[in-house]
Amino acid sequence: MALSRNGCVMKTSSIARVCLVTLALGASGGGAYVFFASATAGGASWLDWARTALLAITLFWLVLGTSFGLVGSLLPAGRKPAAMAASPRGRTAILMPVYNEDPQASFARIAAMNRDLVRLGAESRFDFIILSDTTRDAVAAEEADWFARLLDEPGAAGRVYYRRRERNIGRKAGNIEDFVSRSGAAYDYALILDADSLMSGETIVEMAQRMDENSRLGLLQTVPRVIAARSFFGRCMQFSAGCFSPHFARGAALLQGDEGPYWGHNAIVRMSAFAACCGLPELSGPAPHGGHILSHDYVEAALLARGGWQVHVDPRLGGSFEEGPDNLIEYAKRDRRWCQGNLQHRRILGAPRLLWWSRFTLLQGIMAYLASPLWLALLLTSLLASVMPQRVFADSVMLEAEAGLMALAIAVFSILVLPKLLIVLRGLLDGRNKRFGGTGAVLISVLVEIAFSTVMAPVMLVLQTRAIAQTLLGTDGGWPATARDGSRVTLSEGFAASWWIVALGISAIGVTAVLTFDSLVWVLPVALPLLLAPFLIAFSSAPLAKRSWLLGTPESLDPPRVVRTYLEVFEAWSKTGVNHFAQGWQLKDAARVSA
């Protein structure tokens with residue numbers, strides 16, 4: 001069903017799109033001009049034209065992405081919708097797909113959310129459905145036992161369900177599609193979670209009420225905060241998600257208007273709209289280029305928008321949480337799947353009747369990964385240019401060219417850092433920094449996060465470049481289960497996972513030193529982190545103190561009610577836990593989970 005859009009929202013988002021895209025084009029064009037003028041002081045070659053083109057493309061997407069944070073740090077937060085009736089009118093299925101996850105942790109989260117809804121007196125409008133795609137029999141046995149424990153929770157009878165599929169067709173998207181096609185008509189809405197999702201009762205109720213009040217709203221996406229991070233790596237991600245993400249999301253929401261994103265979890269959908277619009281095709285050919293679409297969420301958002309439904313992201317919605325990987329190895333495994341899924345979107349770009357902003361969003365997701373090999377290509381072509389026959393020009397011209405390149409490098413770094421510093425300044429003015437431990441703690445944490453992300457950037461660049469190459473060469477990364485146990489990585493394990501990165505660093509330094517020693521100063525900032533990759537992986541997996549002010553967030557310094565309830569449930573269950581240890585499967589102890 002085609003629905004008209006709010007003209008004011010569409011006009012505002014359209015103006016914002018034109019302004020920010022124009023800004024990105026202008027900044028990337030200006031940067032490319034400075035680079036070309038500096039690099040060709042003694043005459044231009046084909047390599048200079050190629051380098052300039054690479055820089056212009058990568059700068060455009062870099063400026064566009066960081067402009068979201070810049071705009072979000074300047075925009076007013078806006079008012080939350082007025083309070084509504086205590087209980088939603090529609091019925092909501094809260095779906096939690098699981099796939100070889102720790103069932104005790106996942107089911108304890110359901111218990112915590114259920115208790116929050118019971119506390120609010122709204123439980124009668126919400127059912128919990130666990131959709132298991134688990135393939136390990138030992139884990140499935142655990143799921144059955146913890147489900148029996150879950151049925152003892154308040155009000156759980158007749159409201160909590162468990163279904164395990166015999167065949168894992170279509171992975172998570174297929175799991176949800178199977179439920180929608182079989183049982184979706186019994187519900188008005190579906191709140192879709194991940195196995196590590198946790199949401200407060202107030203947020204769940206408000207999202208359902210928002211669907212009640214706006215019959216044109218097809219999907220409402222929250223901005224989840226990362227919780228329960230234990231390692232330095234995880235705490236950096238947790239701090240970034242808590243401190244920066246709401247501002248970046250606010251800026252992005254201004255551009256997206258009614259055509260916002262869907263991140264696959266911690267979002268509510270209108271069941272009738274989802275059923276009518278979001279049946280995903282199976283791409284022709286084998287994986288990784290064909291088969292089931294891995295990054296299904298952005299495609300589903302585009303299909304809803306094509307059907308005339310509003311797709312909104314609202315950073316003002318709190319009480320939405322998730323967990324993340326606690327070491328780089330687990331992060332890279334997940335990122336490899338996202339890379340393959342995003343590259344599949346190139347086959348969706350030409351789908352009929354998609355809105356142009358939906359196509360642009362899909363392209364932006366593709367470029368989020370293609371940017372890494374493009375930056376690497378820029379570095380390699382620059383090194384190649386440095387060993388070409390030297391052009392003769394005056395020392396003053398050389399100094400001017402070097403000054404221009406240095407100014408450009410500083411400008412690129414400033415583009416990345418400025419939004420984060422503005423967010424700190426805004427937090428000082430509006431008092432938000434107090435929730436993170438005070439402005440001093442926030443500023444130090446931001447500087448630590450900037451330093452760590454800067455050092456890790458070359459490692460992430462080569463990891464994503466390898467993921468791109470594997471996908472293009474036809475290697476299917478599949479959908480591996482995510483390990484969220486926060487296990488520390490030893491130095492030997494770090495080396496085993498990154499020896500090839502070390503070899504790349506050694507090769508880069510050696511080749512540069514032999515062919516063009518003067519260029520070594522430009523290569524070392526990239527090559528040294530590659531050499532140190534095993535140490536960075538091992539070091540960043542080390543745990544931090546539970547309530548440390550460094551990289552602290554409101555959720556880690558003062559856990560919300562639903563988080564405390566989850567930890568209490570998990571600990572209580574652990575004292576009388578089940579005992580399935582087949583195939584080496586073991587439950588985490590409560591201390592490690594709550595640390």
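In the block above lies the structure referred to throughout.
The numbering scheme is per chain: residues are counted from 1 as the chain's sequence reads. Residue-level local features of this predicted model are given only where pLDDT is at least 70; pairs of side-chain atoms are given and counted only at 80 or more, and the full residue set underlies all totals for whole chains, interfaces and linings. Derived side-chain values reflect all non-hydrogen atoms in the structure, with water molecules and hydrogen atoms excluded from consideration.

Student: Go over the overall build of the chain with me, naming the residues and quoting the values.
Tutor: Each helix and strand in the chain was counted, giving 20 helices and 10 strands. Burial analysis of the chain (595 residues in total) assigns 53% to the buried set. In this analysis, two residues are considered to be in contact whenever any of their non-hydrogen atoms come within 4.5 Å of each other. When contacts within the chain are restricted to residue pairs at least 6 apart in sequence, long-range pairs at least 24 apart make up 85% of them. Areas reported here follow the Shrake-Rupley algorithm with a probe of radius 1.4 Å; residue values treat only the protein chains shown as occluding. Element-wise, carbon and sulfur atoms account for 64% of the exposed surface of the chain, whose accessible area totals about 25,200 Å². Helix and strand assignments come from DSSP, with helices taken as H or I runs of at least 4 residues and strands as E runs of at least 2, each series counted from the N terminus. Exposed residues in this analysis have more than 50% of their type's maximum accessible area, buried residues have under 20%, and partly exposed residues fall in between, with area computed by a 1.4 Å probe over protein chains only.

Student: Give a description of the packing of helix α15 (residues 491-515) against helix α16 (residues 520-531) that names residues and reports values.
Tutor: Two elements in contact, α15 and α16, have axes whose closest approach is 8 Å; the angle formed by their N-to-C orientations is 160 degrees. Of the possible angle classes, the one that applies to α15 and α16 is roughly antiparallel. In this structure, α15 meets α16 at a crossing whose hand is left-handed. Between α15, through Ile 501, Val 502, Leu 504, Gly 505, Ile 506, Ala 508, Ile 509, Thr 512 and Ala 513, and α16, the contact on the second element is made entirely by Leu 520, Val 523, Leu 524, Ala 527, Leu 528, Leu 530 and Leu 531. In this count, Pro and Cys sit with the nonpolar residues alongside Ala, Val, Leu, Ile, Met, Phe, Trp and Tyr, while Asp, Glu, Lys and Arg are called charged and the others, Gly among them, polar. Partitioning the contact of α15 with α16 into residue classes produces 14 nonpolar, two polar and no charged. For helices, the axis comes from a line fit to the C-alpha atoms of the stretch in contact; other axes are also lines fit to C-alpha atoms, and the angle between any two N-to-C directions lies between 0 and 180 degrees. An angle below 35 degrees is treated as roughly parallel, one above 145 as roughly antiparallel, one from 65 to 115 as roughly perpendicular, and anything else as oblique. Two helices crossing with the near one rotated counterclockwise from the far one by less than a right angle form a left-handed crossing, whereas a clockwise rotation gives a right-handed crossing.

Student: Go over helix α4 (residues 137-150), please, and point to the residues and values.
Tutor: For the α-helix, the turn length of 3.6 residues means that residues three or four positions removed from each other point alike. Working rule for helices: expected span equals 1.5 Å times residues minus one. Between its first and last C-alpha atoms α4 spans 20 Å; for 14 residues at 1.5 Å apiece the expected length is 20 Å, and the two agree. Listed as buried for α4 are Ala 138, Val 139, Ala 140, Glu 142, Glu 143, Trp 146, Phe 147 and Leu 150.

Student: How would you summarise empty space enclosed by the protein if you had to cite specific residues and measurements?
Tutor: One way to see where empty space is left: roll a probe the size of a water molecule over the atoms. Lining residues are defined by having an atom within 4 Å of a point belonging to a cavity or pocket. Those points lie on a 1 Å grid over the protein atoms alone, cavities being sets where a 1.4 Å probe fits but cannot get out and pockets being open sets with protein on both sides within 12 Å along at least five of seven lines. Grid points are joined across faces, edges and corners, and a volume is the space filled by probe spheres set on the points. Under the counting rule described, the total for this entry stands at four cavities of 30 Å³ or more. Put simply, the largest cavity is a space of about 80 Å³. Along its surface, the largest cavity is lined by Glu 259, Gly 260, Pro 261, Tyr 298, Ala 301, Ala 302, Ala 305, Trp 357, Ser 358, Thr 361 and Leu 362. Within the residue set of the lining of the largest cavity, elements represented by two or more residues are α10 (296-306) and α12 (356-386).

Student: Pulling in residues and values, what's your account of the pattern of salt bridges?
Tutor: Salt bridge, as used here: a side-chain nitrogen of Lys or Arg that lies within 4 Å of a carboxyl oxygen of Asp or Glu. Scanning the model with the defined rule gives 21 salt bridges in all. A salt bridge links Arg 164 to Asp 137; the nearest nitrogen and oxygen atoms lie 3.6 Å apart. One end of the pair, Arg 164, is in strand β3 (residues 160-164); the other, Asp 137, is in helix α4, with 27 residues separating them in the sequence. The class of Arg 164 is partly exposed, set by a relative accessible area of 35%. For Asp 137, a relative accessible area of 52% translates into the label exposed. What you see here is one network of salt bridges that share partners, running through Glu 206, Arg 210, Asp 314 and Arg 316.

Student: Which residues make up the sheet that holds strand β2 (residues 126-132), and what values go with them?
Tutor: Taken together, seven strands build an open sheet; the order of strands is β3-β2-β1-β4-β8-β6-β9 and the sheet is mixed. Strands at the two margins of the open sheet, each flanked by one partner only, are β3 and β9 (310-313). The average angle at which neighbouring strand axes cross in this sheet is 20 degrees, direction not considered. Only strands that DSSP links by at least two bridges are regarded as paired with each other. Here strand β6 (residues 217-221) runs beside strand β8 (residues 267-270); their pairing, made up of three bridges, is antiparallel. Bridge pairing in β8 links Leu 220 to Ile 268. Along the sheet face, helix α3 (residues 103-120) touches β1 (92-98), β2 and β3 and points at about 175 degrees away from the line of β2.

Student: Could you give me a rundown of the packing of aromatic side chains, with the residues and numbers involved?
Tutor: Whether two aromatic rings pair depends on their centres lying within 6.5 Å, for rings of Phe, Tyr and Trp, where Trp uses its six-membered ring; planes under 30 degrees apart make the pair stacked, over 60 edge-to-face, and the rest tilted. Inspection of the entire model under this criterion finds 16 aromatic pairs. Where Tyr 566 meets Phe 570, the ring centres are 6.4 Å apart and the plane angle is 65 degrees; that geometry is what we call edge-to-face. Taken together, the residues Tyr 566 and Phe 570, both in helix α19 (residues 561-575) and four residues apart, mark about one turn of the helix. Members of the aromatic cluster, each reached through a chain of ring pairs, are Phe 60, Trp 61, Trp 356, Trp 357 and Phe 360.

Student: Describe in detail the sheet that holds strand β10 (residues 320-322), supporting the description with residues and values.
Tutor: Spatial strand order, β5-β10-β7: three strands in an open sheet with mixed pairing. Of all the strands in the sheet, just β5 (198-199) and β7 (225-226) have a single pairing partner and so form its edges. As paired elements, β7 and β10 share two bridges and run parallel to each other. Across the sheet, the residue bridging to Val 226 is Glu 322, located in β10.

Student: Tell me about unusual backbone geometry, and please be specific about residues and values.
Tutor: Cis geometry marks the peptide bond from Ala 287 to Pro 288; its omega dihedral reads 10 degrees. In this structure, Pro 288 sits in the loop between α9 (271-277) and α10. Of note in this structure, Asn 266 is not a glycine but carries a positive phi near 55 degrees. Tracing the backbone shows Asn 266 in the loop between α8 (245-256) and β8. Its relative accessible area of 0% is what places Asn 266 among the buried residues. If you check the backbone angles, Arg 353 has positive phi at about 65 degrees while not being a glycine.

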